[in-house]
Amino acid sequence: MTDAANPTIYLKDYTPPAWLVEDVHLAFRLAPTATRVTSKVRFTPNPDTTDRRFFLEGEQLTLIRAAIDGVEVSPTVSPEGLTCDVPDGPFTWEAEVEISPETNTALEGLYMSNGMYSTQCEAQGFRKITYYPDRPDVMAVFTVRIESDLPVLLSNGNKQAEGPGFAEWHDPWPKPAYLFALVAGELLNLPGQFTTRSGRDVELNVWVRKGDEDKCDFAMEALKKSMTWDEEVYGREYDLDIFNIVAVDDFNMGAMENKGLNIFNSSAVLASPETATDANFERIEAIIAHEYFHNWTGNRITCRDWFQLCLKEGLTVFRDAQFTADMRSEPVKRISDVLDLRGRQFREDGGPLAHPVRPESFQEINNFYTATVYEKGAEVIGMLKRLVGDDAYARALDLYFDRHDGQACTIEDWLKVFEDTTGRDLSQFKLWYSQAGTPRVDMTEDWADGTYTVHLKQTLRPTPECADKKPQVIPFAIGLLDRSGAEVVPTTLLEFTEAEQSFTFEGLADRPVASPLRGFSAPVILEREVTHEDRAFLLAHDTDPFNRWEAGRQLAKSALLGMIDGGQSPDQGFLDGLRRLVTDDSLDPEFRALCMGLPSEDDLAQALSDAGRTPDPQAIWAGRQAMRLAMADTLSGDLQPLYDRHRVTGPYSPDAGPAGRRALTGALLSLITLRDGGAAAAAQYETADNMTEQLGALSSLLAAGLGSLQLGLFADQWAGERLVMDKWFMVQVAHARPELAAQVAQGLTERPDFTMTNPNRFRAVFGALAMNQAGFHHASGAGYRLMADWLMKLDPVNPQTTARMCSAFQTWRRYDADRQGMMREQLDRIAGLKGLSRDTGEMVGRILDA
Ligand code: B3K
Ligand code: ZN
C-alpha cells in the first residue's frame, strides 16, 4: 500500500548527501507552546558528489526567518522541508523556528512530559526541531545553548558555560542529528564517578523527578559495570567528561543512546526492591548496558542510512547479551533470548510482516525497529563469531573500530573487516542480511559400521522481497553422547552451506544419541524425528545446558499438542522427567524455573499452524491449564518442601543467585496455588518485602481465579507509584479468563488513572490483552473490537506506539474463517480511519496485503 503522501523509500536509491555540515550552533528559548529554536549551520559541498541540490528536512515547524551568510532569504517551504538557492561553495545557514513541545503527544522531536522537556530524535525526529539535513550520514559537531528558568538544562557533550537561566553544551564528537538530545526540568541527580583505564575522570549522573531519587542506585551501578566491561572485553573507553542518564515517564520505547545524554523510559531506570521485580532489575541492567555500548557501536561508528539499522542494533544487542551472560548465567541468558526470539522474531518472520535483517524498502522507518532487525540481527553476529572463532572476531572488531571510527557505515563495511581479517569469502553469509524468513532444517540420521551420519536439508519459504531463496551458511553445532550420557563427540561446528548436505563421524563403538543445534547455534527451525526416549534421555543427560532445556521444551510441546489436537491426557513420561529435574538440587534454580515454563499459547498456535492445522485459541488455553494442573499433581508432595527450601530470606538482593531462587519459588507457588485455595500465595503476599514476591503472589492468585482482596490492597498501597500501578493494570488483563479479558481491559480504561498519553500505561492494558491469546482471540470478537477501537483513538495521539501495537493482528491468517473475518474487519476499519498516520497505515497495509 503506497501513495503519494506516503512514498516508499528504497535502499537501492541511496545517494550521498550534496552538502556536508562542519558544525552546528543551536539555541533554544524554551516555552511550552512557543519554543524558539535558532540554528546556525556551516555547510560545505560534499566532494564525493556533484549533486548540489539543497533540501533541509523540517516538519511541523513555523519558520520565523532564514538567512544565508547573513542575508535574509525566503525559502520554498513544504510539509516535508524547505529548499532555497544557495552559493556554490561553503556557506552559513541561519534559521529561527517555533515549535510547541506541550502539544507534542507523539513523543518525537521536543516534547513535554510531566513538566519536563525531553527529546527523541531517532530516527527522524530532529526535523521536528529545526530544518536540517536529517540523515545519519551527515555528521557534525554540535554546540547547544538552552535558555529557560528550569534548574536543570542538559544537552550532549561537555558543559562549557552556565549561568542564571542558561547553559551551553559542546559535543566535540561529530554526530548525526538523530543523536541530538536536550532535557530541561526540575530534576534531581544521583551523582557517580568513573575513571577510564587511560585516566579520564568521568562525572556520571542519573537524573530523575523528585520522589524517584531513591530508585537510582541500581542503574548507576549497572552503568559502571557496563563501562568496565566494555573496556575489558572490547577495549572501548568512554570519550567525554560527563555521562548523563535521564528518566522520562512518557517515552515510546525503552531508551535512547543520545551522545553523552542517554534518555530512558523511567521503567528502564528506576528500581527499588519494593517497587521493581527481579525481571525489572535484569532488564534495567541490560538496557543501561545496551545504550552505553552504543557509544561505540552506533555513535562513534554510525549507520550510513536507515536500511543499515542492524549494523548498530544487531551488534549492540549482541554485545549486551554477552554482558548479561558475563554478569549472570550464560545458559539462562541464552535460553531466555531464544524464548524471546522464537516468541517475537519467528512469529514476525513467519507472517506478513517478515522482512530481511537489512530491509530494502520502507515508508516509515520507525516500523522497522523490529525483533528481526534487533534480535535476528544479533543472532547473525553470533553466527559470524561462531564461524570465524573468538580470536578472529576480536581482531575483526579491533579493525572495525580502527578503520571506521567517525564514519557512517554499511553492512558491506562490516563484513569486509571480517573478510580482511580472516581471508574468508562472506558473500554467502551475507544472505542472512537479505533473505527474510526463518530457515527450516530437516535432519535425519544413519548409523552403520561405527559411522554415524547426519543428513541436513534447508528450506526457506518465499517472501515478498524474494521468491527463490538460496541456501544460507548455517553454523550447526552438534555433540554426540553414548547411552551412559558420556560425550563421545564433543561440540563440533558443522558448516552447513548446501541445500542438502551430510556429515559423518567415524570410529564410534555404538550408535550415539545426537544433541543437535547446541546452544541454538543458528536461528532456524529444526525438524527431526526423535523418539520420546531420546528426548527424555537428553533432558536427563545432555551436557549442553541449552539442549537439555530444549529437550524438555520439545517434550512439553508434543505433550501439549497431543492434548490440544489429539484429545490425549497429559503425558506422564514428560511429567516424571520434569519432576526429576525440578527436584534435582544440583541444578541451578533459575534453570529449573525455566524448565517449568510451558510453551506459550502463541508458540503452540504457531506450531499447530506450521503443521497445517488451524489453532483453536480456546483449546490451547484449556490444554495449558490442564497441563499445569497435571504438573501440580505430579509434583504435589514436592512442591511445598521445595518452596520452603529455596525461599530466599534476609535482605533483598537483585543478584542472579537469589533472583534465580525466587524464580523457582515463584513457579512452584503458582502450582501450589492451583490446589491449596490460595493459602500459600496469600501468606507470601502478606510477608513479601519485595515486588518480585508480592507481584508473584498476586499473579499466582489471579491465575487461579482468586486474589480480589490482594488486588484491592495492592492498588491502595501503590496508588502513587506509576510504574507499580502499570503492573497492576497489566496482571489483571494478563490473567483474565478468556471470556472476560476484553471486559476487564475495557473496565480499566474507564479509570481516571488510565491515560493514552503515557505509552507504558497504554501498553500495560493493551499489550497484556494482545498477550492474553485466548482472550484476544475469543470467539465473540470482543478482543479484536476493543483493540481496534483503542488503536484508532491512539493513532492521532501517538502514531509510533499505535503502529507497533498493530502487530497484535499479524497472525490473523493462522485462524479459522470466522476469526479471520473478524480480524480483517477490524484491520479494514483502522485502515479506513480519516487522517490515519503513515506509521499505522504502513503496518496495517502490510498485515493485510501479504
Ligand atoms: N536506538 C533506540 C531506538 C530508537 C527507536 C526509534 N523509533 C534505542 C536502542 O535501540 O538502543
Ligand atoms: Zn539499540
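Residues numbered from 1 in each chain as written. Chains lettered and ligands numbered in written order. Predicted model: local features only at pLDDT ≥ 70, side-chain atom pairs only at ≥ 80, totals over all residues. Heavy atoms only, no water.

1. What to know about unusual backbone geometry
Thinking step 1. The linkage connecting Glu 122 with the following residue, Ala 123, adopts the cis geometry, with an omega of 0°.
Thinking step 2. Mapped onto the elements, Ala 123 comes out in the loop between strand S11 (116-120) and strand S12 (140-147).
Thinking step 3. Non-glycine residue Phe 520 carries a positive phi angle of around 55°.
Thinking step 4. Since its relative accessible area comes to 1%, Phe 520 is described here as buried. (Helix = DSSP H or I, 4+ residues; strand = E, 2+ residues; numbered from the N terminus. Buried < 20%, exposed > 50% of the residue type's maximum accessible area, 1.4 Å probe, protein only.)

2. Observations concerning helix H19 (residues 708-718)
Thinking step 1. Buried within H19 are the following residues: Gln 710, Leu 711, Phe 714, Ala 715 and Trp 718. Here the buried residues of H19 occupy an arc of 140° about the axis, which is enough to place them on one side. In H19, the exposed residues that point more than 90 degrees away from the buried face are Ser 708, Leu 709 and Asp 716.
Thinking step 2. Where the residues of H19 are buried, they touch helix H17 (679-687), helix H18 (691-703) and helix H20 (722-734). (Arc of directions from axis to C-beta. Contact = heavy atoms within 4.5 Å.)

3. A look at the pairing of strand S3 (residues 35-45)
Thinking step 1. In terms of strand pairing, strand S2 (residues 19-29) meets S3 through 10 bridges, oriented antiparallel. Following the sheet pairing, Val 24 is matched in S3 by Val 41.
Thinking step 2. Between S2 and the antiparallel strand that follows it, S3, lie five residues.
Thinking step 3. In the sheet, S3 pairs with strand S9 (residues 91-99) via nine bridges, with the strands oriented antiparallel. Paired with Val 41 across the bridge in S9 is Trp 93. (Pairing = 2+ DSSP bridges.)

4. Let's talk about the packing of aromatic side chains
Thinking step 1. Going through the model one piece at a time under the given rule, you end up with 45 aromatic pairs.
Thinking step 2. Relative to Phe 418, the ring of Tyr 393 lies with its centre 6.1 Å away and its plane at 45°, an arrangement referred to as tilted. Here the residue Tyr 393 occupies a position in helix H6 (residues 390-404), and Phe 418 occupies one in helix H7 (residues 411-422), the gap between them amounting to 25 residues.
Thinking step 3. The class for Tyr 393 is buried, based on a relative accessible area of 4%.
Thinking step 4. Assessed through its relative accessible area of 0%, Phe 418 is described here as buried.
Thinking step 5. Considering the side-chain rings of Phe 754 and Trp 790, the 5.3 Å spacing of their centres and the 80° angle between planes classify their relative orientation as edge-to-face. Remark: Trp 790 occurs in helix H24 (residues 782-794) and Phe 754 occurs in the loop between helix H21 (741-749) and helix H22 (759-771); sequence separation between them is 36 residues. Of the two residues examined, Phe 754 and Trp 790, each falls in the buried class.
Thinking step 6. Sitting above the plane of the Tyr 393 ring, Lys 385 keeps its charged end 5.7 Å from the centroid. (Phe/Tyr/Trp six-rings, centres within 6.5 Å; stacked < 30°, edge-to-face > 60°. Lys NZ or Arg CZ within 6 Å of the ring centre and 35° of its normal.)

5. So, the environment of Gln 160
Thinking step 1. Inspection of the secondary structure assignment puts Gln 160 in strand S14 (residues 158-163).
Thinking step 2. Along the chain, Gln 160 and Glu 147 lie 13 residues apart, while their C-alpha atoms are 14 Å from each other.
Thinking step 3. Sequence-distant contacts of Gln 160, that is, excluding residues within four places in its chain, are made with Thr 143, Glu 168, Trp 169 and His 170.

6. Points about the site of ligand 1
Thinking step 1. Near ligand 1 there are 14 residues, and of these Glu 122, Glu 257, Glu 291, Asn 366 and Tyr 374 occur at the shortest range.
Thinking step 2. Contact distances for ligand 1 include 3.2 Å between an oxygen atom and a side-chain N or O atom of His 294.
Thinking step 3. One of the side-chain nitrogen or oxygen atoms of Asn 366 is found 2.8 Å away from a nitrogen atom of ligand 1.
Thinking step 4. Taken by itself ligand 1 offers 340 Å² of open surface, and the protein chains cover 94% of this.
Thinking step 5. Breaking the shell around ligand 1 down by element, the ones donating at least two residues are strand S20 (255-256), helix H2 (278-293) and helix H3 (309-327).
Thinking step 6. Taken together, the residues that form the shell around ligand 1 break down as five nonpolar, four polar and five charged. (Near = heavy atom within 4 Å. Polar contact = N/O pair within 3.5 Å; in protein donor to acceptor, adjacent residues only side chain to side chain. Areas by Shrake-Rupley, 256 points an atom, 1.4 Å probe, with all protein chains shown as cover. Nonpolar A, V, L, I, M, F, W, Y, C, P; charged D, E, K, R; others polar.)

7. As for the packing of H18 against H19
Any two packed helices are characterised by how steeply their axes cross, that is the angle between the axes, and by the distance between the axes.
Thinking step 1. Two elements in contact, H18 and H19, have axes whose closest approach is 10 Å; the angle formed by their N-to-C orientations is 145°. Along this stretch, H18 crosses H19, giving a crossing that reads as left-handed. On H19, the residues touching Met 691, Gln 694, Leu 695, Leu 698, Leu 701 and Leu 702 of H18 are Gln 710, Leu 711, Phe 714, Gln 717 and Trp 718.
Thinking step 2. Of the residues belonging to the contact of H18 with H19, the class tally is eight nonpolar, three polar and no charged. (Axes fitted to C-alpha atoms, helices over the stretch in contact; angles between N-to-C directions. Left-handed = near helix turned anticlockwise from the far one by under 90°.)

8. Side note on the coordination of the zinc ion (ligand 2)
Thinking step 1. Ligation of the zinc ion (ligand 2) by protein atoms is provided by His 290 (NE2), His 294 (NE2) and Glu 313 (OE), these donors lying 1.9 to 2.1 Å from the ion.
Thinking step 2. Each donor residue of the zinc ion (ligand 2) lies on the same chain, and together they follow the pattern H-x3-H-x18-E. Taken as a pair, His 294 in the loop between H2 and strand S22 (302-303) and Glu 313 in helix H3 lie far apart in primary sequence, 19 residues in all. This pair shows no difference in class: His 294 is buried, exactly as Glu 313 is. (Donors = N, O, S within 2.8 Å, 3.2 Å for Na, K, Ca; no water.)

9. Remarks on the sheet that holds S12
Thinking step 1. Read from one edge of the open sheet, eight strands run S6-S5-S9-S3-S2-S12-S15-S14, paired in mixed fashion. Of all the strands in the sheet, just strand S6 (71-72) and S14 have a single pairing partner and so form its edges.
Thinking step 2. Judged from the five bridges that link them, S14 and strand S15 (residues 166-175) form a sheet pairing that is antiparallel. Residue pairing across strands places Glu 162 opposite Ala 167, the latter belonging to S15.

10. As for the sheet that holds strand S28 (residues 487-496)
Thinking step 1. Strand order in the open sheet made by the three strands is S28-S27-S30, with antiparallel pairing throughout. Where the open sheet ends on each side, the last strands, each with one partner, are S28 and strand S30 (513-516). Each strand of the sheet is rotated relative to its neighbour by a mean of 25°, with strand direction disregarded.
Thinking step 2. Bridge analysis of strand S27 (residues 474-481) against S28 gives seven bridges, and the strand direction is antiparallel. By the bridge assignment for S28, Phe 476 is matched with Leu 494.

11. A few points about the pairing of strand S25 (residues 440-448)
Thinking step 1. Note that S25 and strand S26 (residues 451-459) share nine bridges and pair antiparallel. Considered in S26, the bridge of Arg 440 is made with Thr 459.
Thinking step 2. With antiparallel pairing between neighbouring strands as the criterion, S25 and S26 make up a hairpin whose turn holds two residues, including Asp 449 at a positive phi of roughly 50°.

12. Digging into the environment of Leu 20
Thinking step 1. Within the secondary structure, Leu 20 is located in strand S2.
Thinking step 2. Sequence spacing of Leu 20 and Pro 90 is 70 residues, and the spatial spacing of their C-alpha atoms is 9.4 Å.
Thinking step 3. With residues up to four places along the chain from it excluded, the contact list for Leu 20 reads Arg 42, Phe 43, Thr 44, Asn 46 and Pro 47.

13. Details of helix H10 (residues 545-566)
Thinking step 1. Under the 1.5 Å per step criterion, the end-to-end length of H10 is 31 Å for 22 residues, consistent within 8% with the ideal 32 Å.
Thinking step 2. Taking burial as the measure, the 22 residues of H10 include 16 buried ones, the bulk of the element.
Thinking step 3. Of the residues one or two after H10, Gly 567 is the one with positive phi, at around 65°. (Expected span 1.5 Å × (residues − 1).)

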